[in-house]
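# Architecture at a glance
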Amino acid sequence: MNLIVIPARMAASRFPGKPMTKILGRPMIEHIVRRSHFAKLPDVITVATCDREIHDFVTGLGFLATMTGSQHERATERVAEALAKIEKEKGSRAELVIMVQGDEPMVDPGMIDMLIEGLKRSPDVDVLNLMIEIRDDSEFLDPNAVKVVVDPKGDALYFSREPIPSSKKGYKGPRYKQLGMIGFRRDYLLRYVALQPTPLEIAESVDMMRVLENGDKIRMLACEARCLAVDAPHDVAAVEAAMQDDEWRTLYETESQA
């Protein structure tokens, strides 16, 4: 089973109530769920939430939602709880678990399929994360954008909300940011949540640092699709502008009106 989990909660510290924020007339979580369902390779897609408001809204649309505890500090931990509940409910064991963050209203369904295909092609990779090249300095300096540096094989060396790599010594190479879509092999996800939070994970506020600090690898996969996340209220206008002529939005707007 290829399982897609979309973690979402109302009490986000930087933007309370974010999943239900309206984008072009629809709550953000609805855009994410509808777009995820256009992916070809998932078997099950669920929203993992500790909020009854989100749960009832998603199920009211006819999609699957899973109630989780409110104690989770990291989205990855919420995903792991949802995994256990879905496996029990379906009576089937997941092979791959794809986390699609609940602040990615422009998720491209092809990105989800890219993660599943990438993990299937590389049996030695336990964690696969998408990244995209940073095009301007404002994005590079934005602390809401998680920057990543990689080695020649494409494995992550470090993640930070600070601008890395430093440009003070004249570095002119590509700069990348992490996207909110991460693929795990099931057993590695369970290993992750069994590990204690790590100092750099806490300092950077980046889940993936726990993987690196425990000596494990994260393969980064570059993609071209431009996804604008909603990290703060001022991001909504930019996302709305970008989604005006979006092909996926056109499809589900048409479907919902039929």
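Structure: see above.
This text gives an overview of the structure that appears in the document. The structure presented is a predicted model; accordingly, all values stated were derived computationally and were not measured. (Residues numbered from 1 in each chain as written. Predicted model: local features only at pLDDT ≥ 70, side-chain atom pairs only at ≥ 80, totals over all residues. Heavy atoms only, no water.)

### Describing the overall build of the protein
On a plain count of helices and strands, the protein comes out with 10 helices and 11 strands. Relative to the compact-globule value of 18 Å for 258 residues, the protein shows a C-alpha radius of gyration of 17 Å, a close match. C-alpha extents for the protein along the principal axes are approximately 55 × 40 × 35 Å. For the protein, long-range pairs separated by at least 24 residues make up 69% of all intrachain contacts whose partners lie at least 6 apart in sequence. For the protein, the distance from the average position of its 34 positive side-chain charges to the average position of its 41 negative side-chain charges is 2 Å. (Helix = DSSP H or I, 4+ residues; strand = E, 2+ residues; numbered from the N terminus. Rg over C-alpha atoms; globule rule 2.2 N^0.38 Å. Contact = heavy atoms within 4.5 Å. Lys, Arg positive; Asp, Glu negative; His and termini not counted. Charge placed at Lys NZ, Arg CZ, Asp CG, Glu CD.)

### Looking at the packing of aromatic side chains
Using the criterion set out here, one finds one aromatic pair in the structure. Both rings, one in Phe38 and one in Trp248, keep their centres 5.4 Å apart while their planes meet at 35°; by these two values the pair is tilted. Highlighted residues: Phe38 in the loop between helix H1 (28-36) and strand E4 (44-49) and Trp248 in helix H10 (residues 247-257), separated in sequence by 210 residues. The exposure class assigned to Phe38 is partly exposed, which follows from its relative accessible area of 21%. The class of Trp248 is buried, set by a relative accessible area of 18%. One residue, Arg175, lies across the ring of Phe140, its end atom 4.4 Å from the ring centre. (Phe/Tyr/Trp six-rings, centres within 6.5 Å; stacked < 30°, edge-to-face > 60°. Buried < 20%, exposed > 50% of the residue type's maximum accessible area, 1.4 Å probe, protein only. Lys NZ or Arg CZ within 6 Å of the ring centre and 35° of its normal.)

### Let's talk about unusual backbone geometry
Backbone torsion omega between Ile164 and Pro165 reads -5°, so that peptide bond is classified as cis. Counting through the fold element by element, Pro165 comes out in the loop between strand E9 (156-160) and strand E10 (176-185). We note that Leu24 has phi near 50°; this positive angle belongs to a residue other than glycine. Its location among the elements puts Leu24 in the loop between strand E2 (22-23) and strand E3 (26-27).

### Comments concerning the pairing of strand E7 (residues 127-133)
Regular strands place their side chains on alternate faces of the sheet. Among the seven residues that make up E7, six are buried, leaving the element largely enclosed by the rest of the structure. As paired strands, E7 and E10 are joined by six bridges and run antiparallel to one another. The partner of Glu133 across the bridge, within E10, is Tyr176. Two elements, E7 and strand E11 (residues 219-222), share four bridges in a ladder whose sense is parallel. (Pairing = 2+ DSSP bridges.)

### What about the pattern of salt bridges?
Applying the stated criterion to the full structure yields 20 salt bridges. Across the pair Glu201 and Arg210 runs a salt bridge, and its minimum N-O distance is 2.9 Å. (Salt bridge = Lys/Arg side-chain N within 4 Å of Asp/Glu carboxyl O.)

### Some words on the layout of surface pockets
Gaps left between atoms show up when a probe the size of a water molecule is rolled over them. Taken as a whole, the largest pocket holds about 1,300 Å³ of empty space. Every residue lining the largest pocket is counted, 47 residues in all, and those nearest its centre are Arg14, Lys18, Asp103, Arg161 and Asp231. Elements that contribute at least two residues to the lining of the largest pocket include exactly strand E1 (2-8), helix H3 (75-90), helix H5 (137-141), E10 and helix H9 (235-243). Among the elements that make up the lining of the largest pocket, the one with the highest residue count is E10 (six residues). Counted by class, the lining of the largest pocket contains 19 nonpolar, 10 polar and 18 charged residues. (1 Å grid on protein atoms, 1.4 Å probe; cavity = no way out; pocket = protein on both sides within 12 Å on 5 of 7 lines; lining within 4 Å. Points joined across faces, edges and corners; volume = space filled by probe spheres on them. Nonpolar A, V, L, I, M, F, W, Y, C, P; charged D, E, K, R; others polar.)

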